[in-house]
Amino acid sequence: PEYWNAVYQKEIDAGYDRERKETSNEIFKYIKDGDTILDIGCGTGAFTRAARKKFPSSEIWGSDFSLTAIDYCRQKDRTIYYTNHPVMNEDFEKNYFDVITIQHVLEHLDNPEEMLDRVKELLKPDGRLVIVIPINDDDWHEHQKVWHLSDIEEFLRPYQCDYTDRKSTRLNSS
């Protein structure tokens, strides 16, 4: 967490916003107003704030390891629930979320399967999981692995996913 606290503090000080509007708009296709949404690895909250504007009736949650990022998020928008604990603890109810987004997180994890096991519990039976992950990216010190499309398909196979297209996947939680 200290590393990410420093990264986010530097971004906050520089006024840098990580929102990728094109990616957000693609994700928004899988969300409807009134959905309960969790953004895992929300960072400084650019996506959650964009989701709030687009889906004013939704219950929106952001989760990140960085307390610096979460404190910043809470200052920017008090209508969104932010938590700095990892999603891996038992604080969230099972079958609670309609949509869970994981954007640029899995490549940083030693055991992404553990994350997906928990996500499957958190999603409602007809819930939607949207994963954004760099494919064929350059080797980078923060990434545990360089992912290829075949890795994604292999990684998701045990979760009995229904693929809506090559860019997004719905995870069955039953």
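Higher on the page you've got the structure.
Overview of the structure. The structure presented is a predicted model; accordingly, all values stated were derived computationally and were not measured.

This part covers the overall build of the protein chain. A count of helical and extended segments in the protein chain gives six helices and seven strands. Mapped in sequence order, the helices and strands of the protein chain form the string α-α-β-α-β-α-β-β-α-β-α-β-β. Among the 174 residues that make up the protein chain, the fraction classed as buried is 48%. Contacts in the protein chain between residues far apart in sequence, at least 24 positions, make up 62% of those at least 6 positions apart.

Below, the discussion takes up the pattern of salt bridges. Pairs can form between side chains of opposite charge whenever their charged atoms are close. Within the structure shown, the criterion is met by five salt bridges. For the salt bridge of Lys32 with Asp35, the shortest nitrogen-to-oxygen distance reads 3.4 Å. The class for Asp35 is buried, based on a relative accessible area of 3%. Notably, a salt bridge pairs Arg118 with Glu121, separated by 2.9 Å at the nearest N-O pair.

Remark: the centre distance and the inter-plane angle together describe each pair of aromatic rings, the angle taken between the planes. For the structure shown, the criterion picks out eight aromatic pairs. Judged by centre distance (5.2 Å) and plane angle (85°), the ring pair of Tyr3 and Trp4 falls under edge-to-face. Summarising the aromatic geometry, the rings of Trp61 and Phe92 are spaced 5.2 Å apart at their centres and angled 85° between planes, so their arrangement reads as edge-to-face. Of this pair, Trp61 sits in strand β2 (residues 59-63) while Phe92 sits in the loop between β3 (81-83) and β4 (97-103), and the two are 31 residues apart along the sequence.

Bringing the packing of helix α2 (residues 21-28) against helix α3 (residues 46-54) into the picture now. Helix-helix packing is described using two parameters, namely the angle between the two axes and the distance between the axes. Closest axis-to-axis distance for the α2/α3 pair is 11 Å, and the angle between their directions is 50°. Compared by their axis directions, α2 and α3 come out oblique. Here α2 runs over α3; the crossing is right-handed. Contacts between α2 and α3 involve Ser24, Ile27 and Phe28 from the former and Phe47, Ala50, Ala51 and Lys54 from the latter. Broken down by class, the residue content of the contact of α2 with α3 amounts to five nonpolar, one polar and one charged.

Restricting attention to buried positions, one finds in helix α5 (residues 112-122) the residues Pro112, Met115, Leu116, Arg118, Val119, Lys120 and Leu122. Looking at the packing, one finds that the buried side of α5 touches β1 (36-40), β4, β5 (123-132) and α6 (149-156).

For Ile152, the location among the structural elements is in helix α6. With 21 residues separating them in the primary sequence, Ile152 and Ile131 have C-alpha atoms 9.8 Å apart.

Turning our eyes to something else, we now look at the side chain of Asp39. Structurally, Asp39 is set in strand β1. Despite its burial, Asp39 pairs with no opposite charge, the nearest such side chain being Arg20 at 9.1 Å. At 2.5 Å, the side chain of Asp39 forms a polar contact with the side chain of Thr101.

Another point: the environment of Arg49. Looking at the secondary structure, you find Arg49 in helix α3. Taking the C-alpha atoms as reference points, Arg49 and Lys76, 27 residues apart in sequence, are found 8.4 Å from one another. Excluding residues within four positions of it along the chain, Arg49 makes contact with Thr44, Tyr72, Lys76, Asp77, Ile80 and Tyr82.

All right, on to the packing of helix α1 (residues 2-14) against helix α4 (residues 67-76) then. In the contact formed by α1 and α4, the axes pass within 7 Å of each other and the chain directions differ by 40°. With respect to α4, the element α1 is oriented oblique. Across the interface between the two elements, Asn5, Tyr8, Gln9 and Ile12 of α1 pack against Leu67, Thr68, Ala69 and Tyr72 of α4.

Here α1 contains 13 residues, and its C-alpha end-to-end distance of 18 Å stays within 8% of the 18 Å for a straight helix at 1.5 Å per residue. What α1 keeps buried is the set Asn5, Val7, Tyr8 and Glu11. In an axial view of α1, the angular spread of the buried residues amounts to 165°, which keeps them on one side of the axis. Away from the buried face of α1 by more than 90 degrees, exposed residues Glu2, Lys10, Asp13 and Ala14 are located. Where α1 is buried, its residues touch α4. Gly15 lies just past α1 and shows a positive phi near 75°.

Procedures and definitions
- Residues numbered from 1 in each chain as written.
- Predicted model: local features only at pLDDT ≥ 70, side-chain atom pairs only at ≥ 80, totals over all residues.
- Heavy atoms only, no water.
- Helix = DSSP H or I, 4+ residues; strand = E, 2+ residues; numbered from the N terminus.
- Buried < 20%, exposed > 50% of the residue type's maximum accessible area, 1.4 Å probe, protein only.
- Contact = heavy atoms within 4.5 Å.
- Salt bridge = Lys/Arg side-chain N within 4 Å of Asp/Glu carboxyl O.
- Phe/Tyr/Trp six-rings, centres within 6.5 Å; stacked < 30°, edge-to-face > 60°.
- Axes fitted to C-alpha atoms, helices over the stretch in contact; angles between N-to-C directions.
- Parallel < 35°, antiparallel > 145°, perpendicular 65-115°, else oblique.
- Left-handed = near helix turned anticlockwise from the far one by under 90°.
- Nonpolar A, V, L, I, M, F, W, Y, C, P; charged D, E, K, R; others polar.
- Lys, Arg positive; Asp, Glu negative; His and termini not counted.
- Polar contact = N/O pair within 3.5 Å; in protein donor to acceptor, adjacent residues only side chain to side chain.
- Expected span 1.5 Å × (residues − 1).
- Arc of directions from axis to C-beta.

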